[in-house]
Amino acid sequence: RMQSADGALLSPDKFLDAAERYELLPALDRWVLCTMVEELKTSSSFATEFFTVNVSAQSLANDNYARFALEQFAQAGLSASQFCFELKESMAVTHLRDAEHFIRELTSAGCKIVLDDFGYGLSSLAHLKRLPVQYLKIDGRFVRRVLDDRIAESIVSGLAKAAQTLGVNTIGEHVESGPFAERLRELGV
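Remember, it's a predicted structure, so these values are computed and weren't measured experimentally.

A.B. asks: Explain the overall build of the protein to me, using residue names and the numbers behind them.
C.D. replies: Regarding its fold elements, the protein presents nine helices and seven strands. Relative to its length of 189 residues, the protein is compact, with a C-alpha radius of gyration of 17 Å against a globular reference of 16 Å. With respect to the three principal axes, the spread of C-alpha positions in the protein is 45 × 40 × 35 Å. A fraction of 67% describes how many contacts in the protein between residues 6 or more apart in sequence connect residues 24 or more apart. In the form shown here, the protein has an accessible surface area of approximately 10,600 Å², with 51% of it arising from carbon and sulfur atoms. Considering the protein, the positive charge centre built from 20 side chains and the negative charge centre built from 26 side chains are found 5 Å apart.

A.B. asks: Account for helix 9 (residues 178–186), with residues named and values stated.
C.D. replies: For an α-helix the count is 3.6 residues per turn, leaving residues at separations of three or four pointing the same way. Within helix 9, burial applies to Phe-180, Ala-181 and Leu-184. Down the axis of helix 9, the sector holding all buried residues measures 95°, keeping them to one side. Turned more than 90 degrees from where helix 9 packs its buried face, Arg-185 and Glu-186 sit exposed. Close packing links the buried residues of helix 9 with helix 7 (140–143), helix 8 (150–165) and strand 7 (169–172). Following helix 9 by one or two positions, Gly-188 has its phi on the positive side, about 95°.

A.B. asks: Now, about the sheet that holds strand 4 (residues 83–88): what can you tell me, with residues and values included?
C.D. replies: Spatial strand order, 3-4-5-6-7: five strands in an open sheet with parallel pairing. What marks the edges here is a single partner per strand, and that holds for strand 3 (51–54) and strand 7. Strand-to-strand twist in this sheet, taken as the mean axis angle between neighbours without regard to direction, amounts to 30°. As paired strands, strand 5 (residues 112–118) and strand 6 (residues 135–138) are joined by three bridges and run parallel to one another. Along strand 6, the bridge assignment pairs Leu-115 with Leu-136.

A.B. asks: Lay out the state of the cysteines in plain terms, naming residues and giving numbers.
C.D. replies: Two cysteines, two sulfur atoms, one covalent bond between them: this is a disulfide. For the coordinates displayed, the defined rule picks out zero disulfides. You can see Cys-84 has no disulfide; the closest cysteine sulfur is in Cys-111, sitting 8.5 Å from it. What makes Cys-84 buried here is its relative accessible area of 1%. Cys-111 sits in the buried class, given a relative accessible area of 2%.

A.B. asks: Lay out the side chain of Glu-173 with the relevant residues and their values.
C.D. replies: Of note, Glu-173 is situated in the loop between strand 7 and helix 9. This buried residue, Glu-173, is left without a salt bridge; Lys-137 holds the nearest opposite charge, at 4.8 Å. A distance of 2.8 Å separates a polar atom in the side chain of Glu-173 from the backbone nitrogen of Gly-140.

A.B. asks: A description of the packing of aromatic side chains should follow, citing residues and the corresponding values.
C.D. replies: Tallied over the entire structure, the rule returns six aromatic pairs. Relative to Phe-83, the ring of Phe-73 has its centre 3.9 Å away and its plane inclined at 10°; by these criteria the two rings are stacked. Taken together, the residues span a long stretch of sequence, with Phe-73 in helix 4 (residues 64–76) and Phe-83 in strand 4 at a distance of ten residues. For the pair formed by Phe-73 and Phe-83, the shared burial category is buried. Ring plane angle 40° and centroid distance 6.3 Å describe the contact between Phe-73 and Phe-85, whose orientation is recorded as tilted. Separated by twelve residues along the polypeptide, Phe-73 in helix 4 and Phe-85 in strand 4 bring together distant segments of the chain. Look at Phe-73 and you get buried, because its relative accessible area is 1%. Within the aromatic cluster, the residues linked to one another by ring pairs are Phe-51, Tyr-65, Phe-73, Phe-83, Phe-85 and Phe-102. Sitting over the face of the ring of Phe-68, Arg-30 holds its NZ or CZ atom 4.2 Å from the ring centroid.

Rules and cut-offs
- Residues numbered from 1 in each chain as written.
- Predicted model: local features only at pLDDT ≥ 70, side-chain atom pairs only at ≥ 80, totals over all residues.
- Heavy atoms only, no water.
- Helix = DSSP H or I, 4+ residues; strand = E, 2+ residues; numbered from the N terminus.
- Rg over C-alpha atoms; globule rule 2.2 N^0.38 Å.
- Contact = heavy atoms within 4.5 Å.
- Areas by Shrake-Rupley, 256 points an atom, 1.4 Å probe, with all protein chains shown as cover.
- Lys, Arg positive; Asp, Glu negative; His and termini not counted.
- Charge placed at Lys NZ, Arg CZ, Asp CG, Glu CD.
- Buried < 20%, exposed > 50% of the residue type's maximum accessible area, 1.4 Å probe, protein only.
- Arc of directions from axis to C-beta.
- Pairing = 2+ DSSP bridges.
- Axes fitted to C-alpha atoms, helices over the stretch in contact; angles between N-to-C directions.
- Disulfide = S-S within 2.5 Å.
- Salt bridge = Lys/Arg side-chain N within 4 Å of Asp/Glu carboxyl O.
- Polar contact = N/O pair within 3.5 Å; in protein donor to acceptor, adjacent residues only side chain to side chain.
- Phe/Tyr/Trp six-rings, centres within 6.5 Å; stacked < 30°, edge-to-face > 60°.
- Lys NZ or Arg CZ within 6 Å of the ring centre and 35° of its normal.

The values reported here are purely geometric and, on their own, carry no functional implication.
Here's what the structure looks like:
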């Protein structure tokens, strides 16, 4: 979220497209990371927490972002194992070589990786063995329909089984009620 001049919170869809168009996403990604690290290093109450950071395609393509993140953690005295980086499935597949390098650099330091919006393109199942991620976040467009759409349920179940075979945990996006959570657990999510 971004705070507007009048103090209102703006959702990402209100500013991310412009940031991408003007190639400001790497600066925004670094600002978010630095702001988070600064907050964490000044508070001992977060010592056992786990934090997730979204990464843009522009930062993924920059060889320095993973190194920058690890340097920030080290300088603040934070453990890399407290951090999980989220990459959109489509972005990781489109930038496969960059994604592989990024993932290996961060996971070798102890960070975790999530493939976000997984399943919408169904393109990365073939690439999943090349992307050593710890989590797949199943796209909310399927999760929202899992209670009343057998095809969506079948897709979610199939993705969960494929992930389990590869030793990858699954997360459901947009789980907004107990019945959704219960059904997803039954499907292996």
